Every structure is written in structure tokens, then in C-alpha cells.
Amino acid sequence: MTDNSKTRVVVGMSGGVDSSVVAYLLKQQGYDVVGVFMKNWDDTDENGYCTATEDYKDVAKVAAKIGIPYYSVNFEKEYWDRVFTYFLDEYKKDVHQILMLFVIMKLSLKLSLTMRLV
């Protein structure tokens, strides 16, 4: 049997079922699992409610239950500066075809950079 304990796996956790199950299964297989919650958008409403806060609480509960460390990283400024403003500029030019691919690539790059920091 392979010793996975020396292999760190960083899981982007949203607080939802899919990422939680992935973290759990990797932990069960002996990997050194670390959870990362990425806040990419300020969705605070006029009453001060923010869904990201609730999502982060869910990540914290899951991480505690399965026994892994977790971190929150805030990419609001980077997301706005590097992804969303580009999206708006290109949308105004009517360039719809490549936008989703670009957004996915940018977010993947950020997650990759985050994983290197852990």
C-alpha cells in the first residue's frame, strides 16, 4: 500500500457537498489534506448579509469534522482587477465566445498559486 501521508493535497472548498466529499475521501486515503476557501466577490447586501460568510462557516464545520486545517484567501481585488473588469470590457466589445474560458483559466491560475503557498 502506498504511503500518501507525505503528499499534501490542497482542496478548494466551497462549503458544498462536492468539495467536502473530495476532502473527506482524500483524508481517508491518508493524504495530508488542506482546505482553502476563496472569496472572489463581495456579495454583502444592504442588510450586511454575505453568503460567503455562511459558505466559509460551512467549510470550517466540514474541515473540523474531518480533521483538516483550512484557510480563507480573499481574492476580491484581484478578481475584480484581473477577471471581472476584463470580462466587462470584452462584453462591451461583444466578444462572448472566449470569456468563460478566460475566467476559468484565471481562477485556476489563482488556485494554483494559492496551493503553492500552502
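Here, every reference points to the structure presented above.
Rules behind the numbers
- Residues numbered from 1 in each chain as written.
- Predicted model: local features only at pLDDT ≥ 70, side-chain atom pairs only at ≥ 80, totals over all residues.
- Heavy atoms only, no water.
- Helix = DSSP H or I, 4+ residues; strand = E, 2+ residues; numbered from the N terminus.
- Areas by Shrake-Rupley, 256 points an atom, 1.4 Å probe, with all protein chains shown as cover.
- Buried < 20%, exposed > 50% of the residue type's maximum accessible area, 1.4 Å probe, protein only.
- Contact = heavy atoms within 4.5 Å.
- Pairing = 2+ DSSP bridges.
- Axes fitted to C-alpha atoms, helices over the stretch in contact; angles between N-to-C directions.
- Bend = angle between axes of the 7 residues up to and from the residue.
- Polar contact = N/O pair within 3.5 Å; in protein donor to acceptor, adjacent residues only side chain to side chain.
- Salt bridge = Lys/Arg side-chain N within 4 Å of Asp/Glu carboxyl O.

### A look at the overall build of the chain
Phase 1: Broken down by element type, the chain carries four helices and three strands.
Phase 2: Put simply, the chain shows about 8000 Å² of open surface, and 57% of that area lies on carbon and sulfur atoms.

### Brief notes about the environment of Tyr70
Phase 1: Inspection of the secondary structure assignment puts Tyr70 in strand E3 (residues 70–74).
Phase 2: Residue classification places Tyr70 among the partly exposed residues on the basis of a relative accessible area of 30%.
Phase 3: Separated by 35 residues in the primary sequence, Tyr70 and Gly35 have C-alpha atoms spaced 4.3 Å apart.
Phase 4: When neighbours within four sequence positions are excluded, Tyr70 is seen to be in contact with Gly35, Tyr56, Val59, Ala60 and Ala63.

### With respect to the sheet that holds strand E2 (residues 32–39)
Whether parallel or antiparallel, the strands of a sheet pair through hydrogen bonds between backbone atoms.
Phase 1: Taken in spatial order, the three strands of this open sheet run E1-E2-E3, and their pairing is parallel. Each edge of the open sheet carries a strand with a single partner, namely strand E1 (8–12) and E3. Across the sheet, the mean angle separating the axes of adjacent strands is 30 degrees when strand polarity is ignored.
Phase 2: Sheet analysis places E1 next to E2, joined by five bridges and oriented parallel. The residue of E2 that forms the bridge with Arg8 is Asp32.

### Thoughts on helix H3 (residues 76–92)
Phase 1: Phe84 marks where H3 bends most, by close to 30 degrees.
Phase 2: For H3, every residue scored as buried is listed here: Tyr79, Val83 and Glu90.

### Quick look at the side chain of Ser20
Phase 1: Inspection of the secondary structure puts Ser20 in helix H1 (residues 17–28).
Phase 2: When its relative accessible area of 11% is taken as the criterion, Ser20 is described as buried.
Phase 3: Of the polar contacts made by the side chain of Ser20, one reaches the backbone oxygen of Gly16; its length is 2.6 Å.

### Some remarks on the pattern of salt bridges
Phase 1: Scanning the entire structure with this criterion turns up four salt bridges.
Phase 2: Salt-bridge contacts for Arg8 lead to Asp32; the nearest nitrogen and oxygen are separated by 3.1 Å. Remark: Asp32 occurs in strand E2 and Arg8 occurs in strand E1; sequence separation between them is 24 residues.
Phase 3: Residue classification places Asp32 among the partly exposed positions, given a relative accessible area of 28%.
Phase 4: Between Lys39 and Glu76 there is a salt bridge, and its shortest N-O distance comes to 2.7 Å.

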